[in-house]
Amino acid sequence: MKRTFSLVAVLAVAAATAFAAVGYAGSNAATTTTVKVTIKNFHFTLSKHSARHGKVTFVVTNKDKIKHDFKIAGKKTPLLKKGQTKSITVTLKKGKKYTYICTVPGHAAAGMKGTFKAT
């Protein structure tokens, strides 16, 4: 009887430890948020205007007739022709606001800019 109880206790502790380890790893696993960015008529349209802090991938598609790029948090896409799509991934800090712009001269002044918040 003692031996059976000891074996059950050991198995229970082992199972609880394994479950806790899996739960812990799963809850802290890095996730990346994806934000779709469409460029059209000298304007950015974002699928989200905020995201949880951490890694955020911006998938940028140019539907405008002229070339544009997208810059946020120190990274930018190359100049995109009509129909081109490129992605950039940045790490955003909690509670911070980030300005995004088109770096082509005159484009930000024409309205190609905005703010994105990390929550």
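In this text the structure is predicted, and so the values were computed from the model without any measurement.

Trainee: Would you explain the pattern of salt bridges in this entry?
Mentor: Once their charged atoms are close, side chains differing in charge can pair, the charge on each being opposite to the other. Scanning the entire structure with this criterion turns up one salt bridge. For Lys76, the salt bridge identified is with Asp69, shortest N-O distance 3.5 Å. Among the residues examined, Lys76 registers a relative accessible area of 46% and is labelled partly exposed. Judged by relative accessible area, which is 2%, Asp69 ranks as buried.

Trainee: Any chance you could explain the packing of aromatic side chains here in plain terms?
Mentor: The description of an aromatic ring pair uses the distance of the two centres, along with the angle that the planes make with each other. The tally for this structure, following the rule as stated, stands at five aromatic pairs. Ring geometry for Phe44 and Phe70: centres 5.2 Å apart, planes at 80°, overall edge-to-face. Here Phe44 is found in strand β2 (residues 44–46), whereas its partner Phe70 is found in the loop between β4 (54–62) and β5 (71–72), with 26 residues between them in sequence. For the pair shown, Phe44 and Phe70 are each scored as buried. Ring geometry for Phe58 against Phe116: centres 5.2 Å apart, planes inclined by 75°, an arrangement best described as edge-to-face. Highlighted residues: Phe58 in strand β4 and Phe116 in strand β9 (residues 113–118), separated in sequence by 58 residues. One exposure class covers both Phe58 and Phe116, and it is buried. Three or more aromatic residues joined by ring pairs form one cluster here, namely Phe44, Phe58, Phe70, Tyr100 and Phe116.

Trainee: I tried to follow the side chain of Thr77 on my own but got confused; where do I start?
Mentor: Looking at the secondary structure, you find Thr77 in the loop between β6 (75–76) and β7 (85–92). Residues in contact with Thr77, not counting those within four places in the same chain, are Val60, Asp69, Phe70, Lys86 and Ile88.

Trainee: Mind showing me how you'd approach the pairing of strand β8 (residues 97–101) here?
Mentor: Side chains on a regular strand alternate between the two faces of the sheet. By the alternation rule, side chains of β8 split into Tyr98 and Tyr100, which are all buried, and Lys97, Thr99 and Ile101, of which none is buried. The pairing of β5 with β8 spans two bridges and is antiparallel. Within β8, the residue paired with Ile72 across the bridge is Tyr100. In this sheet, β9 lies alongside β8 in antiparallel orientation, the contact comprising five bridges. Note that in β9 the partner of Thr99 across the bridge is Thr115.

Trainee: In this structure, what is going on with the sheet that holds β9? I would like to understand it.
Mentor: Spatially, the five strands line up as an open sheet ordered β3-β9-β8-β5-β6, and their pairing is mixed. Each of the sheet's edge strands pairs with one partner strand only, and the pair in question is β3 (50–51) and β6. Bridging between β3 and β9 involves two bridges; their strand directions are parallel. Note that in β9 the partner of Ala51 across the bridge is Ala118.

Trainee: Help me understand the environment of His53, please; the structure alone is not making it clear to me.
Mentor: Residue position: His53 is located in the loop between β3 and β4. Residues His53 and Thr31 lie 22 residues apart in sequence; the distance between their C-alpha atoms is 10.0 Å. In contact with His53, not counting residues within four places along its chain, are Leu92, Lys93, Lys94, Ala118 and Thr119. Engagement of the side chain of His53 in a polar contact is seen with the backbone oxygen of Thr119, the distance being 2.8 Å.

Calculation rules
Residues numbered from 1 in each chain as written. Predicted model: local features only at pLDDT ≥ 70, side-chain atom pairs only at ≥ 80, totals over all residues. Heavy atoms only, no water. Salt bridge = Lys/Arg side-chain N within 4 Å of Asp/Glu carboxyl O. Buried < 20%, exposed > 50% of the residue type's maximum accessible area, 1.4 Å probe, protein only. Phe/Tyr/Trp six-rings, centres within 6.5 Å; stacked < 30°, edge-to-face > 60°. Helix = DSSP H or I, 4+ residues; strand = E, 2+ residues; numbered from the N terminus. Contact = heavy atoms within 4.5 Å. Pairing = 2+ DSSP bridges. Polar contact = N/O pair within 3.5 Å; in protein donor to acceptor, adjacent residues only side chain to side chain.

Interpretation in functional terms is not warranted from these geometric data alone.
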